[in-house]
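Here's the letter readout for the chains.
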Amino acid sequence: MRPMRGNALPFRPHEPNGDKKMTKEARSGQRLNCLGTIKVPESRDLLRSNWTLGCETLDRDFADFDEYKKYIPALGIKTLRLQAGWAKTEKKPGEYDFAWLDKIIDGALAMGCEILLETDYGNPAYPGGGGHDLSGGFPVSREALEAWDRWVEAMALRYRDKISDWANWNEPDINPQHKPSDIAAFNIRTSKIIKRIIPNARIAGLSLASPNPDAFEECVKEIAKAGELELFDWFIYHGYTYIPEESFAHMERLKRIIRSYSPDIRLRQGENGCPSETTTKFALRGYPWSETSQAKWDLRRFLGDLGHDVESSVFTICDFNHKGREINRKGLLLADAERRVIRPKQAYGAIRNMAYVFDGSVVRTEGNVSFMSAGDVCAFSYRRRGGSIAVYWDRTFIPGDACIPFRGTMVTRDLAFSDPVLADLRTGRVYEIPAACVKTFGSMQIFDGMPCCDSPLVIGERGIFL
């Protein structure tokens, strides 16, 4: 792990002195005038959004949908990831109770959301039925496999008019008994049933915990050998890194692997998030995270996914009590051990800002933005309703509580900002960019003395934010 950088961003209002000319010293350290906060509509009629919101573990009663459902619409994320829960639905062989899942799916649809429904886990009600929790094994006996097939078929029949997007068993690779050939075969088996009932279903395969390219390719190769690649619209991977940008090299390699087998299947990041405190279990454990560093990590990870043209999932809406382990603190909402929501965390507001600014209308532009400084800076540009936007951040270190910015020069091409301001997605604050900082040379605009820190900042038209 690398050390963290800096302390709180000094974006405090300054007193105007009427002097439009700035010296080099003033440009390097000027405080920016705060104009207000990002005006995110309370409700948004979205045709689509760029992220999926994790609403996992309801199948094991680790969280309570009724406790957090009121927080979903304001986030502006259109798709919810749900886990179907075979063991919860069929507690006695041959008897299905879908009422718990009906309530959640119907509630989500009533909010205007769409569903990515995941088919997992096993069912101890059957001999050889596999485990009902994370890392639980696939069903292996003939009786259990036939019961699995019947459950998947019953679910596809029940929701065929409500759900188009489906995903396979979550993180099968963390069970050491599952070889790539087993994972591929089980994905094919399940997906064929769904496609038979819902021919136009879009299916995500693999859902691997590890981003290891070799293991990923072994699974894809097995599916290709079986001649079943056409079953899948996406292959999902997870993979957590303390510095979020360190996952992107793996991502690009996985995309190349997929392209070598099929031009039509896309990569999808199916689960990522950061704890808001130190944890002893689960991904990113053993590090002194806070609500501030969580918000920064989340913004960097999900905007980095977007910048690499990969659809991704926010893990997760709410802390959940993983019985027998500990509370998983990656939620955007703080919850207690009794599944009660206490309040939104800082990350909730940050992701809400992100989903609004980078809504479904954004189209990434190639090579239109760069940030010149001594730091290692990520920068991406987009066109969207209301004008262009450019986002950037320092990717050098693990996100931390500290946030002292350094200064650099943003160079944009063909973005044509007419009334640009600077927005901090984490805090929601919007700042004036002094006219003397902006120079225009034909299609090029130069923003001199712009602050940069370990959390994403956005340059965009005033009307987008205020």
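Just so you know, the residues in each chain are numbered from 1, in the order the chain's sequence is written. Local features in a predicted model are, by the rule used here, given only for residues with pLDDT of at least 70; side-chain atom pairs are given and counted only at 80 or more, and totals for whole chains, interfaces and linings are based on all residues. For side-chain calculations, the full set of non-hydrogen atoms in the structure is used, while hydrogens and water are omitted.

Caption draft 1: Fine view of the environment of L46. Secondary structure elements follow DSSP: runs of H or I of four or more residues count as helices, runs of E of two or more count as strands, with numbering from the N terminus. Examined against the element boundaries, L46 turns out to sit in the loop between β1 (34-37) and β2 (51-54). Those residues in contact with L46 that sit more than four places away from it in its chain are G76 and K78. We call two residues in contact whenever any of their non-hydrogen atoms come within 4.5 Å of each other.

Caption draft 2: Looking closely at the sheet that holds strand β14 (residues 363-365). Read from one edge to the other, the open sheet built from seven strands follows the order β1-β20-β19-β23-β17-β16-β14, with strand pairing classed as antiparallel. The open sheet terminates on both sides in strands that have one partner only, identified here as β1 and β14. Taking the axes of each pair of neighbouring strands and ignoring which way they run, one obtains an average angle of 30 degrees across the sheet. Note: strand β16 (residues 377-384) against strand β17 (residues 387-394), eight bridges, orientation antiparallel. By the bridge assignment, A379 is partnered in β17 with Y392. Paired strands, as defined in this entry, are two strands with at least two bridges between them according to DSSP. Axis definition: a line fit to C-alpha positions, over the contact stretch in the case of helices; interaxial angles, taken between N-to-C directions, run 0 to 180 degrees.

Caption draft 3: Representation of the pattern of salt bridges. For this analysis, a salt bridge means a side-chain nitrogen from Lys or Arg found within 4 Å of a carboxyl oxygen belonging to Asp or Glu. According to the stated counting rule, one finds 35 salt bridges in the structure shown. A salt bridge links K345 to D319, with the nearest nitrogen and oxygen atoms 2.8 Å apart. Of this pair, K345 sits in the loop between β13 (341-344) and α11 (346-357) while D319 sits in the loop between β9 (311-314) and β10 (320-321), and the two are 26 residues apart along the sequence. Close ionic contact of R340 with D336 constitutes a salt bridge, the shortest N to O distance being 2.9 Å. One salt-bridge network, held together by shared partners, links E56, R81, E118 and E271.

Caption draft 4: Focus on the state of the cysteines. Our working definition of a disulfide is a cysteine sulfur pair at a distance within 2.5 Å. By the definition in use, this model includes zero disulfides. In this model C318 remains outside any disulfide bridge; the closest cysteine sulfur is found in C55, 9.3 Å from its own. There is no disulfide at C452, and the cysteine sulfur nearest it, in C453, is 6.4 Å away. Buried residues are those whose accessible area, probed at 1.4 Å on protein chains only, stays under 20% of the maximum for their type, while exposed residues exceed 50% and partly exposed ones sit between those limits. Assessed through its relative accessible area of 1%, C452 is described here as buried.

Caption draft 5: The arrangement of the pairing of strand β7 (residues 234-237) in detail. Here β7 shows a buried face lined by W234 and I236 and a second buried face lined by F235 and Y237. Bridging between strand β6 (residues 202-208) and β7 involves three bridges; their strand directions are parallel. Bridged to G205 within β7 is F235. Seen with its strands pointing away from the viewer, a crossover is right-handed if its path from the first strand over the helix to the second goes clockwise. At this point the chain moves from β6, through helix α8 (residues 213-225), to the parallel β7, and the crossover so formed is right-handed. Here four bridges tie β7 to strand β8 (residues 266-272), and the two strands are oriented parallel to one another. In the sheet register, W234 faces β8, and the bridge partner there is R266.

Caption draft 6: Quick peek at the sheet that holds β7. With parallel pairing, eight strands are arranged side by side around a closed barrel as β2-β3-β4-β5-β6-β7-β8-β9. Adjacent strand axes in the sheet meet at a mean angle of 25 degrees, parallel and antiparallel pairs treated alike. Where strand β5 (residues 165-167) meets β6, three bridges bridge the pair, whose relative direction is parallel. Residue pairing across strands places D165 opposite R202, the latter belonging to β6.

Caption draft 7: Layout of the pairing of β2. What you see with β2 is no split at all: W51 and L53 on one side and T52 and G54 on the other are buried throughout. As judged from the three bridges shared by β2 and β9, these two strands associate in the parallel manner. Among the inter-strand pairings, T52 is bridged to a residue of β9, identified as S313. For β2 and strand β3 (residues 79-83), the ladder comprises three bridges, and the chain directions are parallel. Pairing of T52 across the sheet is with T79, part of β3.

Caption draft 8: Representation of the packing of α8 against helix α9 (residues 248-261) within the structure. Following both chains from N to C, one finds α8 and α9 inclined at 20 degrees, their axes separated by 10 Å at the closest point. Considering their axes alone, α8 and α9 lie roughly parallel with respect to each other. The handedness of the crossing between α8 and α9 comes out as right-handed. When α8 is examined against α9, the residues P213, D214, F216, E217, V220, K221 and A224 are found in contact with a partner set consisting of H250, R253, L254, I257, I258 and Y261. Classifying every residue of the contact of α8 with α9 by side-chain character gives eight nonpolar, one polar and four charged. Oblique is the label for any angle not covered by the other classes, which are roughly parallel (under 35 degrees), roughly antiparallel (over 145) and roughly perpendicular (65 to 115). Left-handed is the label given to a crossing in which the near helix is rotated counterclockwise from the far helix by less than a right angle, and right-handed is the label when the rotation is clockwise. The residue classification treats Ala, Val, Leu, Ile, Met, Phe, Trp, Tyr, Cys and Pro as nonpolar and Asp, Glu, Lys and Arg as charged. All others, Gly included, are polar.

Caption draft 9: Here's a closer look at α9. To estimate the expected span of a helix, count its residues, drop one, and scale the result by 1.5 Å. Over its 14 residues, α9 runs 20 Å from end to end, which matches the ideal 20 Å to within 8%, given 1.5 Å per residue. Considered for burial, the residues of α9 that qualify are F248, M251, L254, K255, I257 and I258. Buried residues of α9, seen end-on, are gathered within an arc of 170 degrees and therefore sit on one face of the element. Among the exposed residues of α9, those oriented more than 90 degrees off its buried face are A249 and S260. As for α9, its buried residues are in contact with α8, β7, β8 and α10 (291-307). Directions are taken from the helix axis to each C-beta atom, and the arc is the one they span.

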